[in-house]
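Secondary and tertiary structure notes
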Amino acid sequence: MIPGVAGKLGRFRGKILVDLKGRVAVVTGGSSGIGRATALRLAEHGARVFAGDLRPLDENREPFAARGIVQFPCDVRSEAQVQALIEQAVRDGGALHILVSNAGIDLEKQLPDVSEAEWDACLDTNLKGSFFACKHAIPHLRHAGGGAVVFTSSNAGLLPRAHDPVYCVSKAALNALAAGLALCHAPDKIRFNAVCPGPVSHTRTIDNELAKSADRRALEQRYIAASPLARALGRMITPEEVAEAILYLVSDAAALVTGTVLRIDGGKSLGVPPQMP
Ligand code: NAD
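The paragraphs below set out a description of the structure included in this document. (Residues numbered from 1 in each chain as written. Predicted model: local features only at pLDDT ≥ 70, side-chain atom pairs only at ≥ 80, totals over all residues. Heavy atoms only, no water.)

**Quick notes on the overall build of the chain**
Along the backbone of the chain there are nine helices and nine strands. Relative to a compact globule of 277 residues, whose C-alpha radius of gyration would be 19 Å, the chain shows 18 Å and is just as compact. Dimensions of the chain, computed from C-alpha atoms along their principal axes, come out at roughly 50 × 45 × 40 Å. Residue burial in the chain is summarised as follows: out of 277 residues, 48% are buried. A fraction of 69% describes how many contacts in the chain between residues 6 or more apart in sequence connect residues 24 or more apart. Accessible surface, the chain: about 13400 Å² in total, of which carbon and sulfur atoms supply 57%. Computing the positive centroid from 31 side-chain charges and the negative centroid from 28, the chain places the two 7 Å apart. (Helix = DSSP H or I, 4+ residues; strand = E, 2+ residues; numbered from the N terminus. Rg over C-alpha atoms; globule rule 2.2 N^0.38 Å. Buried < 20%, exposed > 50% of the residue type's maximum accessible area, 1.4 Å probe, protein only. Contact = heavy atoms within 4.5 Å. Areas by Shrake-Rupley, 256 points an atom, 1.4 Å probe, with all protein chains shown as cover. Lys, Arg positive; Asp, Glu negative; His and termini not counted. Charge placed at Lys NZ, Arg CZ, Asp CG, Glu CD.)

Shown next as structure tokens:
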């Protein structure tokens, strides 16, 4: 058994089970999509989860309560609200071990059409929110003897694209923040990683785009076609698949994994895909 990992990875019929019992986690943007799936997954593996969101949803009350997940209103653009969420988690949970800084919005506009308010909304939510969360989480993670932070970034942070330059900037900066903080806080045994999903089904982001589209099926096919592996499988990535990757990154199985950006985009950000048949 690897020192430091012993006791935290159980085994069941040969399968490794991630055990997060005794761990306290904060997930921002935890009401829907990837954040919701992550809150549920971490709780299923034993973590005490505090989910903050701009809009906590009534429909989550029952499934969250069943797994001991507590929902809080929290706008990540407000330092005071982020600090309050983290302090509430530490007060009620007794410590903080895991932060999933997930809240984010998209901005599909060409730069000359972007207002200062839109730039600020995108950068404040996607980047400054993570700064606030890390700023207030790090002292508690240090106090707990170490911990894990995961940013929900995007394939847009790896391979810039033409339709959403400001969103690309926000996610590329988030990847840089993960690497920088990973270096700074390795002595504190705090790990920082980012996940970079491609288009994810059953998220408000994608559902809104599909709802607005004149041809929903055609747009869905375009999302799928943009990722070589999604195209091969004939489906989009799911929030649960991103949550599984986050679960791995916060677990002791990833004890030596820090500063990584993990693509969960079916190869979309690797380069030019093969031609469609
Ligand atoms: P989603 O809209 O379903 O979930 C985002 C959640 O964040 C919502 O519950 C929303 O209320 C919350 N939120 C928005 N602004 C907030 C704020 N200021 N403070 C607190 N909460 C706020 O979409 P999702 O796709 O699950 O988004 C999660 C993350 O995944 C985002 O960072 C997004 O950029 C990223 N992402 C999504 C996709 C995708 O295809 N859906 C792809 C790559 C990256």
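**So, the packing of helix H1 (residues 33-44) against helix H9 (residues 239-250)**
Interhelical geometry of H1 versus H9 gives an angle of 50° and a closest axis separation of 8 Å. Classed by the angle they form, the pair H1 and H9 counts as oblique. Every pair of crossing elements has a handedness; the one defined by H1 and H9 is right-handed. In contact with Gly-33, Ile-34, Ala-37, Thr-38, Arg-41 and Leu-42 of H1, H9 contributes Pro-239, Glu-240, Val-242, Ala-243, Glu-244, Ile-246, Leu-247 and Val-250. The residue inventory of the contact of H1 with H9, partitioned by class, reads nine nonpolar, two polar and three charged. (Axes fitted to C-alpha atoms, helices over the stretch in contact; angles between N-to-C directions. Parallel < 35°, antiparallel > 145°, perpendicular 65-115°, else oblique. Left-handed = near helix turned anticlockwise from the far one by under 90°. Nonpolar A, V, L, I, M, F, W, Y, C, P; charged D, E, K, R; others polar.)

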